[in-house]
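A look at the structure
The primary structure of each chain is shown beneath.
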Amino acid sequence: MKLSNKTKVLEQGEMTFAERIYLPAIVGGMGTTLKHFFSKKVTIRYPEQKRYLGPVFRGHHILKRDEQGAERCTACGLCAVACPAEAISMVADERKKGEEHLYREEKYAKVYEINMLRCIFCGLCEEACPKQAIYLQHDKMVPVFEDRSEVIFGKDKLVEDMNNRYLREGWK
Amino acid sequence: MEITSTLFTAKAIYVGVIFAITLGVAAYSTYFERIIAAFMQDRVGPDRAGPFGILQPLADAVKMFMKEDFIPSQSSKWLFIVAPCLSMLTALMTSAVVPFGDKLDLGGGLMLDLQGVDVNIGILWVFGIVSLGVYGILVGGWASNNKYSLLGAIRAASQNISYELAMGLSIIAILMLSGSLSTKTIVETQQNGHWNILYQPLGFVIFIVCAFAECNRTPFDLPECETELIGGYHTEYSSMKLGFYLFSEYINMFISGAVMATLYFGGYDYPGHDFIHDKFGNNVAALLGVGALIGKALIFVFIFMWVRWTLPRFRYDQLMSLGWTGLIPLSMFNVVLTGTSMLFTVNEGGSNWYTVAVSWAGIVVMLVVTYLYNESQYKKKKLAVG
Amino acid sequence: MNFWYFLTALTLLSALMVVLSKNPIHSVLYLVFTFFCISGHYVLLNAQFLMAVNIVVYAGAIMVLFLFVIMMMDLRKNMPDSKTTLTKLAGAILGGTLLVIMVAASRKMDLSGQVMPETFSSQTGLVESLGKILYRDYVLPFELVSILFFVAMVGAVMLGKREAGERNF
């Protein structure tokens, strides 16, 4: 049955004399490999050298603070709902008096955990967040973990460091 | 007595040095094989152990030693242990007759021959030991009590026997030229640039193809063909026994490189030998000769690896038909051609360039005749079809 | 001389093991070892060429083929005892005859260990003298044998060559 008109009948004729004594083809092939021997390597020495990941790369999650250093997250739970892998879980709490410099809204996440074994880095949490609190950093990967006890990242690993703020190119 | 004992000590040191060089080259061949493979595939290769990964062989050796040494319960235990040792033994024994250098002056009229033993059957010794190399594979494959191992072993045996014939015939042409079986004499007749490759281009091509087959290297590594036989004859081997097999392969490569350099590329001869001999004395020239031979052998090792990462594996019937219907008739033709070229030399009063011209012209004539024959056959077939 | 005794004992022992070992593979390997011992004897006789040829041809090629064939056999299968009384009798007669011949021959042997200085040459076994004898005194038989081998080899090549219409599997 003919499905399309793209079919090509491959005609392999009798091998020529030069092909049959192998040697010219072998020498040609060795020339090709020798060319590659001196050509630029396409791989890099990874942990020492790193490639530029691009502005839309989705890496390590971060919980943003605002300009005053207060956490933006209000523990609404939309990210957890949006998450297709169900990697996010949180416990909400009410802001006390005198904590205004720590939390921007009246409700905040006391516990905020992401299971990095479940996370698929799809970025839907980032899109779902109404407070611009969670982002996936474009320049930082999640570090390698060696034990199952290390895979759940709590607030200690997620909340932004004020001395080393995360900025995207468009924000500046 | 004094002289004998000094010579004996010197010889013992020489043997130890050659042994160390062989093992060192073999160890680093594993590293360079991976580096070369990586470079030809546009990769970086092993670079973690030490600067540029030069401690990689050490790391590999540690890994090999630390692994569990497993012996299959239904195997023939003794033979299973003996086989890799046999492989290693035969690989190391060949270097005894390879002349690594000229004579070294030890002072007091003592001349140390930089060769294990100069027997007058040198090249036959190499040939004999190489033909024994298959026992390690054959016995190991059978003792594993594994069908894949056995198939690998049987392939190795038939392959080695087939290619030994062509190899022997191509050596015969060399023997005709030098008139001796001694490797030393073969090298001495090639001094001052009269390398056998000029007289024996066809013989060299046959020899190097056979050397690939005898070393079980790609494109002839059917005995350990992964896609068909898992690991071939060393499927059941682990730990240092496997290491011995792999190691003996690299030793074989180095030694066959040295043998090829000896037979076809003037052995320890190098351009400017006389100049250095006059200027810096005998010993410097001799030691440089050792360097030249090892350098040539290493170039061959590189070619072995280069070919491995270029060519795909042959199919088994292709391998056999190349050996029996390709190389053996070719090598017989080479013997006849060598005879003819020598006949011309006798008439011309020993003009070497005449021999060279005749041997190259002979190859051209052979190619043309084969081409014409092929064309006529092709036409006949076409007529029959059409 | 001591080494000669050692080598001879080793040769005889391994030759015995060829016959005595139950496993055919072991038999073949002992036979290979016997060939090595015999090669050692050649070396003691200063016949290096024969030693090398013995290793190349017998240990390196023929025994590999033996091993090759024996490996193909199913050794686990309990073969019915093939040694009937007739074969046992024939074997006994053959072995006995060989023993008689060897005893008779060894009785005629000169065991005094004297060498005749006028005919003795340590170079007899070397490849040069062997070649001279082969190509001077025995040229015709030698060439005939080589033609025989050549014909056999051409025959092998012809058997290996595929015919035009044959299927390429």
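Here the residue numbers are simple positions, counted from 1 along each chain's written sequence. By the order in which they are written, chains take letters starting at A while ligands take numbers starting at 1. Owing to the predicted nature of the model, reporting of local features is limited to residues with pLDDT of at least 70; listing and counting of side-chain atom pairs is limited to 80 or more, with chain, interface and lining totals taken over all residues.

1. Quick look at the overall build of chain A
- For helices the rule is a DSSP run of H or I covering at least 4 residues; for strands it is a run of E covering at least 2, with both sets numbered from the N terminus onward. A tally of regular secondary structure across chain A gives five helices and five strands.
- Written out in order from the N terminus, the α and β elements of chain A read α-α-β-α-β-β-α-β-β-α.
- Relative to the globule expectation of 16 Å for 172 residues, the C-alpha radius of gyration of chain A, 27 Å, shows a markedly less compact shape.
- Principal-axis analysis of the C-alpha atoms gives chain A an extent of 95 × 50 × 35 Å.
- When the 172 residues of chain A are sorted by exposure, 15% land in the buried category.
- By the convention adopted here, residues make contact when the C-beta atoms placed from their backbones lie within 7 Å. Partitioning the contacts of chain A with sequence separation of at least 6, the portion at a separation of at least 24 is 73%. Just to be clear, the radius of gyration here is over C-alpha atoms, and the globule rule we use is 2.2 Å times residues to the power 0.38. Residues with at least 20 neighbouring C-beta atoms inside 10 Å of their own are called buried, those with 12 or fewer are called exposed, and the rest are partly exposed, where every C-beta is derived from the backbone.

2. Some words on the interface of chain C and chain B
- Across the boundary between the two partners, chain C contributes 19 residues, which contact 23 residues of chain B.
- Here the element with the most residues in the side of chain C that touches chain B is helix α3 (residues 48-72) of chain C; it accounts for twelve residues.
- Residues belonging to the side of chain C that touches chain B are distributed by class as follows: 15 nonpolar, three polar and one charged. Asp, Glu, Lys and Arg are counted as charged, while Ala, Val, Leu, Ile, Met, Phe, Trp, Tyr, Cys and Pro are counted as nonpolar; the rest, among them Gly, fall into the polar class.

3. Quick look at the sheet that holds strand β5 (residues 152-153) of chain A
All names here are of chain A.
- Spatially, three strands are ordered β2-β3-β5 in an open sheet, and the strand pairing comes out antiparallel. Looking at which strands have only one partner, the edges of the open sheet turn out to be β2 (88-94) and β5.
- Pairing between strands requires that DSSP locate at least two bridges from one strand to the other. In this sheet, strand β3 (residues 107-115) lies alongside β2 in antiparallel orientation, the contact comprising seven bridges. Looking at the pairing, A92 lines up with A109 of β3.

4. What about the pairing of β3 of chain A?
- Of the strand pairs in this sheet, β3 of chain A and β5 of chain A are connected by two bridges, and their pairing is antiparallel. Directly across from I114 of chain A, in β5 of chain A, lies its bridge partner F153 of chain A.

5. Quick notes on unusual backbone geometry
All names here are of chain A.
- Residue E86 is not a glycine yet carries a positive backbone phi of 55 degrees.
- Looking at the element boundaries, E86 is found in the loop between α3 (78-82) and β2.
- In this structure, F121 takes a positive phi of about 55 degrees despite not being glycine.

6. Describing the confidence of the model for chain A
- pLDDT runs from 0 to 100 and stands for how confident the predictor is about each residue. This prediction gives chain A a mean pLDDT of 85; 97% of its residues lie at or above 70.
- When mean pLDDT is compared element by element in chain A, α3 of chain A scores highest at 91, while helix α1 (residues 17-20) of chain A scores lowest at 72.

7. Some details on the interface of chain B and chain A
- Every contact between the two is made by 14 residues of chain B and, on the other side, 13 residues of chain A.
- By residue number, the principal contributor to the side of chain B that touches chain A is helix α14 (residues 352-385) of chain B, which donates three residues.
- Residue composition of the side of chain B that touches chain A, by class: nine nonpolar, two polar and three charged.

8. A word on the packing of helix α3 (residues 77-93) of chain B against helix α4 (residues 122-143) of chain B
All names here are of chain B.
- The geometry of α3 relative to α4 is characterised by a closest axis approach of 8 Å and an angle of 165 degrees between their N-to-C directions. Overall, the two elements α3 and α4 adopt an arrangement that is roughly antiparallel. For the element pair α3 and α4, the recorded crossing hand is left-handed. For the pair α3 and α4, the contacting residues are L79, F80, V82, A83, P84, L86, S87, T90, A91 and M93 in the first and I129, L132, G133, Y135, G136, I137, V139, G140 and A143 in the second.
- For the contact of α3 with α4, the residue count by class is 14 nonpolar, five polar and no charged. Whenever a helix is involved, its axis is fitted only over the stretch in contact; in every case the axis is a line through C-alpha atoms, and angles between N-to-C directions fall within 0 to 180 degrees. Each angle receives one of four descriptions, namely roughly parallel if under 35 degrees, roughly antiparallel if over 145, roughly perpendicular if within 65 to 115, and oblique otherwise. When the near helix sits turned anticlockwise from the far one by under a right angle, the crossing is termed left-handed; a clockwise turn instead gives a right-handed crossing.

9. Here we look at helix α5 (residues 147-178) of chain B
- For a helix, the expected span equals 1.5 Å multiplied by the number of residues minus one. A rise of 1.5 Å per residue sets the reference length of α5 of chain B, with its 32 residues, at 46 Å; its end C-alpha atoms lie 46 Å apart and thus fit the reference within 8%.
- By the criterion of burial, α5 of chain B is predominantly enclosed, with 23 of the 32 residues buried.

10. Comments concerning the packing of helix α11 (residues 273-280) of chain B against helix α12 (residues 282-308) of chain B
Residues and elements named next belong to chain B.
- Relative to each other, α11 and α12 sit at 145 degrees, their axes nearing to 6 Å. Of α12, the residues touching α11 (which contributes H273, I276, H277 and F280) are N282, V284, A285 and L288.
- The residue makeup of the contact of α11 with α12, split by class, is five nonpolar, three polar and no charged.

11. Side note on helix α4 (residues 85-108) of chain C
- With 24 residues, α4 of chain C should cover 34 Å at 1.5 Å per step; its first-to-last C-alpha distance of 35 Å lies within 8% of that length.
- Of all 24 residues in α4 of chain C, zero are buried, a share of ten percent or less.

12. Digging into the environment of M63 of chain C
All names here are of chain C.
- Among the structural elements, M63 can be located in helix α3.
- Sequence separation of M63 and F35 is 28 residues, and the distance between their C-alpha atoms is 9.7 Å.
- Setting aside residues no more than four positions away along its own chain, M63 makes contact with V28, L31, V32, F35 and Y58.

13. Quick notes on the nonpolar core
- L138, A153, C210, F254 and M260 of chain B together with A52 of chain C are the most contacted members of the largest nonpolar core, which totals 123 residues.
- Among the elements that line this core, the one with the most residues is α4 of chain B, at 15 residues.
- Excluding residues that lie within four positions of it along the chain, F254 of chain B makes contacts with T22, V25, A26, S29, A297 and V301 of chain B.
- Joining buried Ala, Val, Leu, Ile, Met, Phe, Trp, Tyr and Cys residues through C-beta atoms within 7 Å gives a set, and that set is a nonpolar core. One finds I62, C79, Y103 and C129 of chain A within the second-largest nonpolar core, a separate group that totals 20 residues.

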